[in-house]
Amino acid sequence: MSYNLLKGKKGIIFGALNEQSLAWKIAKRCVEEGAEITLSNTLMAQRLGTVNKLAEECNAPFYAADATSFEEIENVFKQSMEHFGGKIDFFLHSIGMSMNVRKSLPFDSLNYDFLNKTLDISAISFHKMLQAARQLDAINDWGSVVALSYIAAQRTFYRYNDMSEAKALLESIARSFGYMYGRDKKIRINTISQSPTATTAGSGVKGFDSLLDFTDRMSPLGNADANDCANYCVTLFSDLTKKVTMQNLYHDGGFSSMGMSLRAMEAIDKDI
Ligand SMILES: NC(=O)c1ccc[n+]([C@@H]2O[C@H](COP(=O)([O-])OP(=O)(O)OC[C@H]3O[C@@H](n4cnc5c(N)ncnc54)[C@H](O)[C@@H]3O)[C@@H](O)[C@H]2O)c1
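Please read all numbers here as calculations on a predicted model, not as lab measurements.

Rules of the game
Residues numbered from 1 in each chain as written. Predicted model: local features only at pLDDT ≥ 70, side-chain atom pairs only at ≥ 80, totals over all residues. Heavy atoms only, no water. Core = buried A, V, L, I, M, F, W, Y, C linked by side-chain atoms within 4.5 Å. Buried < 20%, exposed > 50% of the residue type's maximum accessible area, 1.4 Å probe, protein only. Helix = DSSP H or I, 4+ residues; strand = E, 2+ residues; numbered from the N terminus. Contact = heavy atoms within 4.5 Å. Pairing = 2+ DSSP bridges. Axes fitted to C-alpha atoms, helices over the stretch in contact; angles between N-to-C directions. Parallel < 35°, antiparallel > 145°, perpendicular 65-115°, else oblique. Nonpolar A, V, L, I, M, F, W, Y, C, P; charged D, E, K, R; others polar. Near = heavy atom within 4 Å. Polar contact = N/O pair within 3.5 Å; in protein donor to acceptor, adjacent residues only side chain to side chain. Areas by Shrake-Rupley, 256 points an atom, 1.4 Å probe, with all protein chains shown as cover. Salt bridge = Lys/Arg side-chain N within 4 Å of Asp/Glu carboxyl O.

Undergrad: Is there a simple way to think about the nonpolar core in this case?
TA: A general tendency of soluble globular proteins is for nonpolar side chains to be buried together. Residues Phe77, Phe91, Phe126 and Leu130 are the most contacted members of the largest nonpolar core, which totals 33 residues. Counting residues per element, this core draws most heavily on helix H6 (residues 112-135), at seven residues. The contacts of Phe126, once residues within four sequence positions are left out, are Phe91, His93, Val145, Ala147, Leu170, Ile173, Ala174 and Ile189. Ala23, Cys229, Ala230 and Cys233 belong to the second largest nonpolar core, which has 31 residues in total.

Undergrad: I would appreciate a short explanation of the sheet that holds strand S4 (residues 88-93) in the present structure.
TA: The strands making up a sheet associate through backbone hydrogen bonding, with each pair oriented either parallel or antiparallel. An order of S3-S2-S1-S4-S5-S6-S7 is seen for the seven strands of this open sheet, with the pairing classed as parallel. Looking at the sheet topology across the chains shown, the edges are occupied by strand S3 (62-64) and strand S7 (248-251). The mean inter-strand angle of the sheet, taken between neighbouring strand axes irrespective of direction, is 20°. Bridge analysis of strand S1 (residues 10-14) against S4 gives four bridges, and the strand direction is parallel. Following the sheet pairing, Ile12 is matched in S4 by Phe91.

Undergrad: Mind showing me how you'd approach the packing of H6 against helix H7 (residues 163-185) here?
TA: As a packed pair, H6 and H7 sit with axes 8 Å apart at the nearest point and diverge in direction by 10°. By the angle class used here, H6 and H7 are roughly parallel. Within the contact between the two elements, H6 uses Thr118, Leu119, Ser122, Ala123, Ile124, Phe126, His127, Leu130, Gln131, Ala133 and Arg134 and H7 uses Met163, Glu165, Ala166, Leu169, Leu170, Ile173, Ala174, Phe177, Met180, Tyr181, Arg183 and Asp184. In terms of residue class, the contact of H6 with H7 is made up of 15 nonpolar, four polar and four charged.

Undergrad: Can you help me understand the pairing of S4 in this one?
TA: Two faces, one strand: in a regular strand the side chains alternate between the faces of the sheet. Burial of S4 is extensive: six of the six residues sit out of reach of the surface. Relative to strand S5 (residues 139-149), S4 runs parallel, the two sharing five bridges. Residue Ile88 lies in a different strand from S5, and its bridge partner there is Ile139.

Undergrad: Sorry, what's going on with the site of the ligand here?
TA: Near the ligand, the surroundings consist of 29 residues, among which Ser21, Asn41, Lys167, Thr197 and Thr199 are the closest. Within the side chain of Asp66, one N or O atom sits 3.1 Å away from a nitrogen atom of the ligand. If the ligand stood free it would expose 820 Å²; the protein chains cover 92% of that surface. Of the residues forming the shell around the ligand, the biggest block, three residues, is contributed by helix H8 (residues 200-203). Looking at the shell around the ligand residue by residue, the class counts come to 14 nonpolar, 13 polar and two charged.

Undergrad: Could you clarify how one ought to interpret the pattern of salt bridges in this entry?
TA: Any two side chains of opposite charge can pair, so long as their charged atoms come close to each other. All chains considered together, the criterion is met by 15 salt bridges. For the salt bridge of Asp137 with Lys87, the shortest nitrogen-to-oxygen distance reads 3.0 Å. In this pair, Asp137 sits in the loop between H6 and S5 while Lys87 sits in the loop between helix H4 (70-84) and S4, placing the two residues 50 residues apart along the sequence. Judged by relative accessible area, Asp137 falls into the partly exposed class, the value being 32%. Across the pair Lys128 and Asp120 runs a salt bridge whose closest N-O atoms are separated by 3.0 Å. Overlapping salt bridges bring together Glu19, Lys28, Lys53 and Glu57 as one network.

Written out as structure tokens, the structure reads:
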């Protein structure tokens, strides 16, 4: 069902890899709601994933960029503005990667080159996007920017590892840039702290299925899935949320406010 919430709006979606990607669902939902979009990811992701199919379905050009390269990100904004014949109204940062997680290096035995890469890809890239957009004056006044985060920024989640530090930095960048962009251009910047969701990045965390089961049991509304995330994202890109900025918005079925639930207790009791 479409409410035309994004009619006439133009945006960039960074980070769609395959049909499981949160960014994939968000891209599709934005287009359903009337937006025109462009897509970006690495060349490698384009080769290994199925983003070309999404580009076709959304009638959206794909611009390759490694999120660690300021120049490549800048080019995505330039190419998108050229494609649209003007500024954009929104963009999504949906990018995360940790070699420490991939190689199962525990938090007290991190590889520091990997840590730098985690922070660069998963958080500093957000600053690079915002800085490039601002320098190019690429976003219309009252535009909206969203990055996807996780509650491990605030609380310790076993095995989420150095991605926790990346998410804490990501959320801080949203606040710091949110002040400057809001003050000068009325552009809002928020992070959505999403439930665990079965995607390529999500499932890369060992024990992910147990986490998914635990958070679902703990959340009165159950886990928010990728389609729910896409719906929430659309509201943040729409004009209905013009005064929401510099927030980390939990989208987790209530998990973040829970201490213990009946369903979680029952699962623990069974094991004792
Ligand atoms: N899946 C979950 O459980 C979950 C929960 C909360 C937040 N998130 C966040 O949502 C976002 C999207 O992840 P997802 O779960 O959809 O998984 P995904 O694997 O589909 O998406 C991750 C994306 O990051 C891209 N990427 C990796 N390195 C890159 C680089 N150097 N330059 C540009 N792009 C790069 C990948 O190509 C991929 O498209 C991430 O920030 C993730 O941390 C995911």
